[in-house]
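Spelled out from the first residue to the last, the chains are:
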Amino acid sequence: ALLGSSPAARRALRHLAMSVPAFVRQNLAWAARPPGPASFWYAVGSAIRQVGRSMDAAGVTLQGDCAYHDKLPMPCTAVKVSGKSPDISAASFVAPSSNLVGAVTLGDGASAWYASVLRGDASAPTRIGAGSVIHDRATVHGSTVGAGSLIGAGASLNRCTV
């Protein structure tokens, strides 16, 4: 039987893969790459992706008004609205999945955690004081949060002062 063909052998190989250091796994992955120059495989991959895009466009044309356009947005951190863009201190932490929209100011050491939304308008800017923390999934709109404050996970603040 071939190595790795039995369930017990596959479990042993999986266990071995978990105990191998990262640099060794990287070297093994490099050794397992397809033969030939990388530019060739890049061109093949690009051609295959182009064929997929063309097939998708043909499907949308055939479906007409019934077509579903799947758009997967990239995580957005800072968005400029009405000429106002977020002002983020260099020492602040902004999670990749949080959104800062419009007139938002983060003080020194302030943080906006995962899936939080901070939105400020020209008439109602959002200000987060130094050292304050906006936890996961919290929504802050047009509010002022003082220094050293903690806004809990899932909280919703709308035009208030903390």
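Below is a summary of the structure that appears in this document. Per-chain numbering applies: the sequence of each chain, read as written, is numbered from 1 onward. Side-chain atom pairs in this predicted model are given and counted only at pLDDT of 80 or more, local residue features only at pLDDT of at least 70, and totals for whole chains, interfaces and linings cover all residues. Only hydrogens and water are set aside; all other atoms, that is, all heavy atoms of the structure, feed into the side-chain values.

A separate point is the pattern of salt bridges. Whenever a carboxyl oxygen of Asp or Glu lies within 4 Å of a side-chain nitrogen of Lys or Arg, that contact is scored as a salt bridge. The final tally for this structure, using the stated rule, is two salt bridges. Across the pair R119 and D121 runs a salt bridge whose closest N-O atoms are separated by 3.8 Å. Each residue is placed in one exposure class: buried if its accessible area under a 1.4 Å probe, protein chains only, is under 20% of its type's maximum, exposed if it is over 50%, and partly exposed if it falls in between. Owing to a relative accessible area of 22%, D121 belongs among the partly exposed residues under this scheme. A salt bridge links R159 to D121, with the shortest nitrogen-to-oxygen separation between them at 3.7 Å. Note that R159 is positioned in the segment after β13 (156-158) and D121 in the loop between β7 (117-120) and β8 (126-128), a separation of 38 residues in sequence. Through salt bridges that share partners, R119, D121 and R159 make up one connected network. Helix and strand definitions follow DSSP, with helices as H or I runs of at least four residues and strands as E runs of at least two, each counted in order from the N terminus.

By convention a nonpolar core is built from buried Ala, Val, Leu, Ile, Met, Phe, Trp, Tyr and Cys residues, the set being connected through side-chain atoms within 4.5 Å. Core analysis: the biggest nonpolar cluster contains 14 residues, and L100, L106, L118, I128, I134, V140 and I151 have the highest contact counts within it. What makes two residues a contact is simply this: any of their non-hydrogen atoms within 4.5 Å. Each residue touching I128, except ones within four places of it in the same chain, is listed here: T105, L106, G107, A110, L118, I134, V140 and V145.

One can find S111 in strand β6 (residues 111-112). Of note is the side chain of S111, whose polar atom sits 2.9 Å from the side chain of W113. Those residues in contact with S111, other than ones at most four positions away along the chain, are F93, S132, V133 and I134. Any pair of nitrogen or oxygen atoms within 3.5 Å is treated as a polar contact; in protein, a donor-acceptor pairing is required on top of that, and neighbouring residues in sequence qualify only through side-chain atoms on both sides.

Summarising the sheet, strand β1 (residues 78-79) and strand β4 (residues 99-102) pair through two bridges and their orientation is parallel. When the bridges of β4 are listed, A78 appears paired with L100. Pairing of β4 with β7, which is carried by four bridges, proceeds in the parallel orientation. Looking at the pairing, L100 lines up with L118 of β7. Any two strands with at least two DSSP bridges between them are considered paired.

The strand order across the open sheet built from five strands is β1-β4-β7-β10-β13, with neighbouring strands paired in parallel fashion. The outermost strands of the open sheet, each flanked by one partner alone, are β1 and β13. The pairing of β7 with strand β10 (residues 139-141) spans three bridges and is classified as parallel. Opposite R119, over in β10, you have H141 as the bridge partner.

A word on the packing of aromatic side chains. Whether two aromatic rings pair depends on their centres lying within 6.5 Å, for rings of Phe, Tyr and Trp, where Trp uses its six-membered ring; planes under 30 degrees apart make the pair stacked, over 60 edge-to-face, and the rest tilted. On inspection of all chains with the given rule, the structure shows four aromatic pairs. Relative to W113, the ring of F93 has its centre 4.7 Å away and its plane inclined at 50°; by these criteria the two rings are tilted. Pair noted here: F93 is in strand β3 (residues 93-94) and W113 is in the loop between β6 and β7, with a separation of 20 residues, a long-range link. Judged by its relative accessible area of 33%, F93 is partly exposed.

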